[in-house]
Structures are given as C-alpha cells and as structure tokens.
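# Residue-level structural notes
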Amino acid sequence: MAGTVRAAADAVRATAAQYDGMLSRQPFRTSTITGAILGWAGDALTQRRQMLEQAAEHCQSMVQHPKPAEDRPIDVQPAMPEHFDVRRSLVFTVFSAYMSGPVNYVWLVQLHRAVAYVAPNGGARALVAKMALQASILQPLIFLPSYFA
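These numbers come from a predicted model, not from an experiment. The residue numbering used here restarts from 1 in each chain and proceeds along that chain's sequence as written. Residues qualify for local features only when their pLDDT is at least 70, as the model is predicted, and side-chain atom pairs are given and counted only at 80 or more; totals for whole chains, interfaces and linings, by contrast, use all residues. Neither water nor hydrogens contribute to the side-chain values; these are computed over all heavy atoms in the structure.

Put simply, a salt bridge is a Lys or Arg side-chain nitrogen that is within 4 Å of an Asp or Glu carboxyl oxygen. Evaluation of the coordinates by the stated rule reveals three salt bridges. Across the pair Arg13 and Asp10 runs a salt bridge, and its minimum N-O distance is 2.8 Å. Taken together, the positions of Arg13 and Asp10, both in helix H1 (residues 2-25) and three residues apart, correspond to about one turn of that helix. Glu53 is the partner of Arg49 in a salt bridge, and the nearest nitrogen-oxygen pair spans 3.0 Å. Remark: Glu53 and Arg49 occur in helix H2 (residues 27-64); sequence separation between them is four residues, near one turn of the helix. A run of H or I in DSSP counts as a helix once it spans at least four residues, and a run of E counts as a strand once it spans at least two, with each numbered from the N terminus.

What follows is the structure, encoded as structure tokens:
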C-alpha cells in the first residue's frame, strides 16, 4: 500500500514538474490548452450530473404518477434525460480556452504592471488594487460580454 501511494505521489510530482516546464517554455499555448481541457471537463461533468438528476426526476415522477401519459396533465409529464450537448460543450471549451489563453495572458501581464505602479511594495494595497481592477475592468468589460456573446 505504501509503495502504491509513493508511486502515485512520484507520478503527480513528475507530471507537475513537466507541466511547470511547459508553462515556463510556452506559457500562452500551455494556458490556452489547459483552459480548453478544464472548460471541457467542467462542462462534461456538469452535463453528466444534469442527466443523472433528470433521470432521477423521471424515475420519481413515474413512481408518483404510474398512469399512462395521456391521462396525466401536461405539467406532470416526466422529463426524459437529455443527451450530451456537444455544441454546448464545444462553445464552453472554446470560451475557456479564449479566457485562459489570450485574455488572461495579456490581462495578467498588464495587471501586474499596473499594480506594481500603484503598490510597488505589494501587500494589502496590491491585493486591493488587483481586486478593484479585476472587478471594474476585466469582469464587466471583457469577461461578461465575452460570456454572453
């Protein structure tokens, strides 16, 4: 057991070191691909959970209303689980790649420069400056319009 845990820990460390090297050599490409993978995985897990919830609701509805569907009012018709929405997943994957790659790549460099000018010693003042810039510029002017476009 201890050998298995040690081997898993070594594999995680090696993967993290490899990822860190890729991030150092090609930060733009690495962050874009990482964003795409995480965006797709997050949407896939969310859709899977939604399908499971719909299936559970369908089963519960069938137990509560065992009569044939034509005898039930429309509002108690059980919802059948949907299939995986490939278009939705693709849109979210592209959006996540866009936000993690080009947008964050440029934004974080500019944010660092602006905060270094406002709060060269770092600390709480730098933290407040970053939060203020994030909330007043990135979120309302870049993220939200991009998300709802």
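There is more to say, and it comes next.
Attention now goes to the environment of Ala114. Mapped onto the secondary structure, Ala114 falls in helix H3 (residues 86-118). Exposure is judged per residue with a 1.4 Å probe applied to protein chains only, and the accessible area is read against the type maximum: over 50% gives exposed, under 20% gives buried, and values in between give partly exposed. Residue Ala114 is classed as partly exposed on the basis of its relative accessible area of 30%. Expressed as a C-alpha distance, the spacing of Ala114 and Lys130, which sit 16 residues apart in the sequence, is 8.7 Å.

Each pocket or cavity is described by its volume, and for the largest pocket that value is around 200 Å³. For cavity detection a 1 Å grid was placed over the protein atoms alone, and a set of points counts as a cavity when a 1.4 Å probe fits there but cannot get out; an open set counts as a pocket when protein lies on both sides within 12 Å along at least five of seven lines, with lining residues being those that have an atom within 4 Å of a point. Forming the walls of the largest pocket are Val91, Phe92, Phe95, Tyr98, Ser146, Tyr147 and Ala149. Listed by contribution, the elements that provide at least two residues to the lining of the largest pocket are H3 and helix H4 (123-148). Here the lining of the largest pocket is composed, by residue class, of six nonpolar, one polar and no charged. Grid points are joined across faces, edges and corners, and a volume is the space filled by probe spheres set on the points. For this scheme, ten residues count as nonpolar: Ala, Val, Leu, Ile, Met, Phe, Trp, Tyr, Cys and Pro. Four count as charged, namely Asp, Glu, Lys and Arg, and the remainder, Gly too, count as polar.

Between the N-to-C directions of two axes lies an angle of 0 to 180 degrees, each axis being a line fitted to C-alpha atoms and, for a helix, fitted only over the stretch in contact. With their axes 10 Å apart at the nearest point, H3 and H4 run at an angle of 150° to one another. For the crossing formed where H3 meets H4, the hand is right-handed. For the pair formed by H3 and H4, the contact residues are Phe92, Phe95, Tyr98, Met99, Val103, Asn104, Trp107, Leu111, Ala114, Val115 and Val118 on the first element and Arg125, Ala126, Ala129, Lys130, Leu133, Gln134, Ile137, Leu138, Ile142, Phe143, Ser146 and Tyr147 on the second. Among the residues forming the contact of H3 with H4, the class breakdown is 18 nonpolar, three polar and two charged. Left-handed describes a crossing whose near helix is turned anticlockwise from the far helix through less than a right angle; right-handed describes the clockwise counterpart. Any pair of residues with heavy atoms lying within 4.5 Å of one another is described as a contacting pair.

Let's shift gears to a nonpolar patch on the surface. Two distance rules govern patches: like charges are joined within 9 Å, and nonpolar side chains (Val, Leu, Ile, Met, Phe, Trp, Tyr) within 5 Å, applied only to residues with over 30% relative accessible area and no salt bridge. Calculation of accessible area relied on Shrake-Rupley with a 1.4 Å probe; when residues are assessed, cover is drawn exclusively from the protein chains displayed. On the surface, a nonpolar cluster with roughly 410 Å² of combined accessible area is contributed by Phe92, Leu144, Tyr147 and Phe148. For the nonpolar patch, the element with the highest residue contribution is H4, accounting for three residues. Mapped onto the secondary structure, Tyr147 falls in helix H4. The exposure class assigned to Tyr147 is partly exposed, which follows from its relative accessible area of 40%.

Moving on: the packing of aromatic side chains. Any two rings among Phe, Tyr and Trp, with Trp reduced to its six-membered ring, count as a pair given centres within 6.5 Å; such a pair is stacked if its planes are under 30 degrees apart, edge-to-face if over 60, and tilted if neither. All told, the structure shown has six aromatic pairs when counted by the stated rule. Plain terms: the ring middles of Phe28 and Tyr105 are 5.2 Å apart, the flat faces sit at 80° to each other, and that makes the pair edge-to-face. You can see Phe28 sitting in helix H2 and its partner Tyr105 sitting in helix H3, a full 77 residues away along the chain. When its relative accessible area of 38% is taken as the criterion, Phe28 is described as partly exposed. An angle of 15° between the planes, with centres 5.9 Å apart, marks the rings of Phe143 and Tyr147 as stacked. With Phe143 and Tyr147 both in helix H4 and four residues apart, the pair spans about one turn of that helix.

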